[in-house]
Amino acid sequence: MNNEIINVKLTDDGAAVIILDQTALPNETKYITLKGKEELFEAIYTLRVRGAPAIGIFAAYALYVLAKQLENEENESFVSKIIKLSAYLDSSRPTAVNLATQLKRMTALVEKQKMNPVKQIVAAMKEEAITIYNEDVDMCKAISKHGITLIKKGDGIMTQCNAGPIATSKYGTALGPIIMGQEQGLSLKAYICETRPLLQGARLTAYELVNAGVDSTLICDNMASIAMSEGKINAVFAGCDRIARNGDVANKVGTSSLAILAKHYGIPFYIFGPSTTIDENCLSGKDIEIEERSPEEIKEMFYKKPMAPKEVKTYNPAFDVTPNELITAIITETGIHKPSEVCN
Ligand code: MRU
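Criteria and cut-off values
- Residues numbered from 1 in each chain as written.
- Predicted model: local features only at pLDDT ≥ 70, side-chain atom pairs only at ≥ 80, totals over all residues.
- Heavy atoms only, no water.
- Helix = DSSP H or I, 4+ residues; strand = E, 2+ residues; numbered from the N terminus.
- Rg over C-alpha atoms; globule rule 2.2 N^0.38 Å.
- Contact = heavy atoms within 4.5 Å.
- Areas by Shrake-Rupley, 256 points an atom, 1.4 Å probe, with all protein chains shown as cover.
- Lys, Arg positive; Asp, Glu negative; His and termini not counted.
- Charge placed at Lys NZ, Arg CZ, Asp CG, Glu CD.
- Pairing = 2+ DSSP bridges.
- Axes fitted to C-alpha atoms, helices over the stretch in contact; angles between N-to-C directions.
- Buried < 20%, exposed > 50% of the residue type's maximum accessible area, 1.4 Å probe, protein only.
- Right-handed = clockwise from strand over helix to strand, strands pointing away.
- Near = heavy atom within 4 Å.
- Polar contact = N/O pair within 3.5 Å; in protein donor to acceptor, adjacent residues only side chain to side chain.
- Nonpolar A, V, L, I, M, F, W, Y, C, P; charged D, E, K, R; others polar.
- 1 Å grid on protein atoms, 1.4 Å probe; cavity = no way out; pocket = protein on both sides within 12 Å on 5 of 7 lines; lining within 4 Å.
- Points joined across faces, edges and corners; volume = space filled by probe spheres on them.

1. Regarding the overall build of the chain
Secondary structure summary: the chain contains 10 helices and 14 strands in total. In terms of C-alpha radius of gyration, the chain reaches 20 Å, essentially the compact-globule figure of 20 Å for 344 residues. Taking the principal axes of the C-alpha coordinates as reference, the chain spans close to 65 × 50 × 40 Å. Within the chain, residue pairs in contact and separated by at least 24 positions form 76% of the contacts whose partners lie at least 6 positions apart. Put simply, the chain shows about 14700 Å² of open surface, and 52% of that area lies on carbon and sulfur atoms. A distance of 2 Å separates the average location of the 37 positive side-chain charges in the chain from that of its 42 negative side-chain charges.

Quick look at the structure:
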């Protein structure tokens, strides 16, 4: 699979995190090294690192890197600073649950070991962060294998946003079966929604699928209906940022529109994600906080000059919730589930 790229990793001495800067893609493959708390926060907020599993892994590495800088503190001060740093990193983006989950996992470890020598706690944090990474690799691999059972030769698959290898540890979730299918000679045809306003489809999914040799066609988001109506699409594959207990799913804004269209045209609509994206504390999609981002992303970004009057108001939600009844199945590492049963 298209996995030569490691998008999030530690430096050899563990003093910093190296990421593939996703804001520079597809024009430049640029790696950046980060160790200050503000630059680590900024990398998540500006989507240099993005995709629910990838930001969870990044946050775990980031907290370890910051902990290493506090190795000479007394235990009590060390623990209280780690709790504050974790809350700070967690406040960078609200919707993807993996960020909060992996930070909680790291701070739970620190609390459990709080009587141990600080250097020993820091070493355990490194191991935990690497375990989080490795577990995600295994989950994505399993998701891809389950997903491929849903595809047949020559299928047209519509995608939203980017849920490929760079949004995870490796392999990807929704793009995993498409890339694996390509390797197995399934000759799939990907229809990639560009995904306004930050163009993760055009910039990232197109980059990953073209590199994997998949027959890839880019469409503007508002072309999904005509592509479906012409019989080009056999299934919609999307990732997820938070799955509620009842199987409602938050993913990149526009996902719910595709689900509604898919239902109209009788096309199966699948969500792919690791179980780390399930939030048992959310009873339904109504409990999911939707990130709202800056007007500049709609009015100026990616244009040579501003494309809307300065005075116009904007509404820029970064995610939306697809209700469970519009989802044919949710695919996790444990298998292919009815949305209402994904939490069982
Ligand atoms: O704002 P983004 O680019 O972080 O949004 C990402 C998505 O919506 C992905 O589909 C989701 O995180 C799953 S990534 C495997």
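2. So, the sheet that holds strand β13 (residues 329-332)
Here we have seven strands laid out as an open sheet, ordered β6-β5-β4-β7-β10-β13-β14, and mixed in their pairing. Two strands bound the open sheet, and with one partner strand each, they are β6 (215-219) and β14 (335-337). Mean inter-strand twist for the sheet, computed between neighbouring axes without regard to direction, equals 25°. Bridging between strand β7 (residues 235-238) and strand β10 (residues 269-272) involves three bridges; their strand directions are parallel.

3. Remarks on the environment of K310
Locating K310 in the fold gives a position in the loop between α10 (296-299) and β12 (319-322). By relative accessible area, which is 74% here, K310 ends up exposed.

4. Quick look at the environment of G335
Tracing the sequence through the fold places G335 in strand β14. Exposure remark for G335: the relative accessible area of 7% places this residue in the buried category. In sequence terms G335 and P317 are 18 residues apart; their C-alpha atoms lie 31 Å from each other. Apart from residues lying up to four places away in sequence, G335 is in contact with H146 and I330.

5. Points about the pairing of strand β4 (residues 156-159)
Neither face of β4 is open: one carries G156 and M158, the other I157 and T159, and all of them are buried. Across four bridges, β4 lies against strand β5 (residues 189-193) in parallel orientation. Each residue of the ladder has a partner; that of M158, found in β5, is Y191. In this region the chain leaves β4, passes through helix α6 (residues 176-183) and returns to the parallel neighbour β5; the handedness of that crossover is right-handed.

6. What about the site of the ligand?
The full set close to the ligand counts 19 residues, and R50, A52, R93, N251 and K252 are the nearest of them. K252 places a polar side-chain atom, nitrogen or oxygen, 2.7 Å from an oxygen atom of the ligand. Taken by itself the ligand offers 420 Å² of open surface, and the protein chains cover 99% of this. Going through the elements one at a time, α2 (52-68) and β9 (249-252) are the ones with two or more residues in the shell around the ligand. Here the residues of the shell around the ligand sort into eight nonpolar, seven polar and four charged.

7. Description of the layout of surface pockets
Its boundaries defined by the atoms lining it, the largest pocket holds a volume of some 220 Å³. Counting residues per element, the lining of the largest pocket draws most heavily on helix α9 (residues 255-265), which supplies three residues. Per-class residue counts for the lining of the largest pocket are eight nonpolar, four polar and two charged. In this model, the second largest pocket occupies a volume close to 180 Å³. Lining of the second largest pocket is provided by T23, Y45, T46, L47, L198, R203, R293, S294, E296, E297, M301 and F302. For the lining of the second largest pocket, the per-class residue count stands at five nonpolar, three polar and four charged.

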